[in-house]
Amino acid sequence: ACCAQIVTWLQVGIMGGFILGPTRHGKTSAVRWALKALKAMLNIPLFVFEIPVRSQKDARERDFFEYLLRAVGHRDWKAGTAGNKRDRLNDFLTARARSSPIKTVVLYFDEAQFLKDHHWEWLLNLSNESVQRNIKIFFLFSGPPELAEARERYVSAGLTQLVGRFMSVVFELNGLTSQAQLKDCLHRFSDVVYPKAQGLGLSSHFVDPARYPGFSLASYAPSMWNLFQQTRAKEAYPREDDPSTFVLPMHYVTAAILHFLT
């Protein structure tokens, strides 16, 4: 669903969007998977750069563009003024975009809640300059639900250009909400072939298929789901009165599966 949403945004010409979700729910993994799948689906050259946003007390333009240069893998990220570094980044992204049939590069900012007002302004400048160069930078931002607060703040301030460019579309990514979803995950997890050269399913590394030919990881979904619910009920914070609102973060699903198999 995350991948399909990103494809739609690209197809209709949107310049950027938000992927929101609580911590440990798998946002970063989901976006990485979606962007890798996107390149495979399009089957064309497409440069994608992931930029983990740092928490900073002060936003300095020179430091920001220096960090972006390092994040995209530019060799000359140290020397020069803030303007030099921004021009260097523009040239780099332009060259990469022009190598793609759709004249596009993707910049993915993880933990985007750490971006400050000046950062958004500088990214807007970068986007405007890319339009002048007849290329497109697709900006993707992921973070917790608090990231939406920045969007509301800029809407209230009347900064329509900023909101329209980066914040007009939002996809909310959550964990598992049903036993059926968990069962499907267990089934797909078990079917993963790793390493590919050996052709073995992942579970075969833990459970000998010759001794236990009927072993099914997915069959443990009911007991695993119940235990997750019991564990959740014991937590002191935050309590949920309605059990139907139970959401299982993906980080804990994968950790539990590997622990169980081991």
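Residues numbered from 1 in each chain as written. Predicted model: local features only at pLDDT ≥ 70, side-chain atom pairs only at ≥ 80, totals over all residues. Heavy atoms only, no water.

What follows concerns the overall build of the protein chain. In terms of regular secondary structure, the protein chain is built from 10 helices and 5 strands. Taken over the C-alpha atoms alone, the protein chain extends approximately 65 × 50 × 35 Å along its principal axes. Here the protein chain holds 262 residues, and the buried ones make up 40% of them. Across the protein chain, contacts joining residues at least 24 apart in sequence account for 71% of those joining residues at least 6 apart. For the protein chain, the exposed area adds up to about 14600 Å²; of that, 52% sits on carbon and sulfur atoms. (Helix = DSSP H or I, 4+ residues; strand = E, 2+ residues; numbered from the N terminus. Buried < 20%, exposed > 50% of the residue type's maximum accessible area, 1.4 Å probe, protein only. Contact = heavy atoms within 4.5 Å. Areas by Shrake-Rupley, 256 points an atom, 1.4 Å probe, with all protein chains shown as cover.)

The next subject is the confidence of the model for the protein chain. For the protein chain, the average pLDDT comes to 89, and 97% of its residues sit at 70 or higher. Within the protein chain, strand β3 (residues 104–110) carries the highest mean pLDDT (96), whereas helix α6 (residues 147–156) carries the lowest (83). (pLDDT = per-residue confidence, 0-100.)

Moving on to the nonpolar core. Judged by nonpolar contacts, the single largest core of 36 residues is most densely connected at L107, F109, W120, L123 and F141. Ignoring sequence-local partners within four residues, the contact set of W120 consists of F18, A112, L115, F141, L147, Y154, L162, F166 and M167. A37, L38, F138 and F171 belong to the second largest nonpolar core, which has 22 residues in total. (Core = buried A, V, L, I, M, F, W, Y, C linked by side-chain atoms within 4.5 Å.)

What follows covers unusual backbone geometry. Going from Y194 to P195, the amide bond is cis rather than trans, its omega being -10 degrees. Position of P195 among the secondary structure elements: in the loop between α8 (179–191) and α9 (221–234). At N43, a position not held by glycine, the phi torsion is positive, near 55 degrees. Given the relative accessible area of 66%, N43 is considered exposed. Phi at N134 is positive, roughly 60 degrees, even though this residue is not glycine. Relative to the assigned elements, N134 resides in the loop between α5 (117–132) and β4 (136–143). For N134, a relative accessible area of 64% translates into the label exposed.

The next point concerns the sheet that holds strand β1 (residues 16–20). Across the sheet, which stays open at both edges, the 5 strands sit in the order β2-β3-β4-β1-β5 with parallel pairing between neighbours. Each having just a single partner strand, β2 (47–52) and β5 (170–172) make up the two edges of the open sheet. Going from strand to strand, the sheet's axes swing by 20 degrees on average, the running direction of each strand aside. Those strands touched by α5 are β1, β3 and β4, and its axis lies near 155 degrees from that of β4. (Pairing = 2+ DSSP bridges. Axes fitted to C-alpha atoms, helices over the stretch in contact; angles between N-to-C directions.)

The next thing to look at is the packing of α8 against α9. Working note: a packed helix pair is described by the angle between its axes plus the distance between those axes. Running from N to C, α8 and α9 point in directions that differ by 125 degrees, and their axes come no closer than 9 Å. Here α8 lies oblique to α9, going by the angle between them. Crossing geometry of α8 relative to α9 is assigned as right-handed. Taking contact as the criterion, the partners of Q179, L182, K183 and L186 in α8 are, on α9, A221, P222, M224 and W225. (Parallel < 35°, antiparallel > 145°, perpendicular 65-115°, else oblique. Left-handed = near helix turned anticlockwise from the far one by under 90°.)

Listing the buried residues of α6 in full gives L147, A150 and Y154. The arc that holds the buried residues of α6, viewed along the axis, is 45 degrees, so those residues lie on one side. When the buried face of α6 is taken as reference, the exposed residues oriented beyond 90 degrees from it are E149 and S156. Summarising the contacts, the buried residues of α6 are in contact with β1, α5, β4 and α7 (160–166). One or two residues past the end of α6 sits G158, with phi positive at roughly 80 degrees. (Arc of directions from axis to C-beta.)

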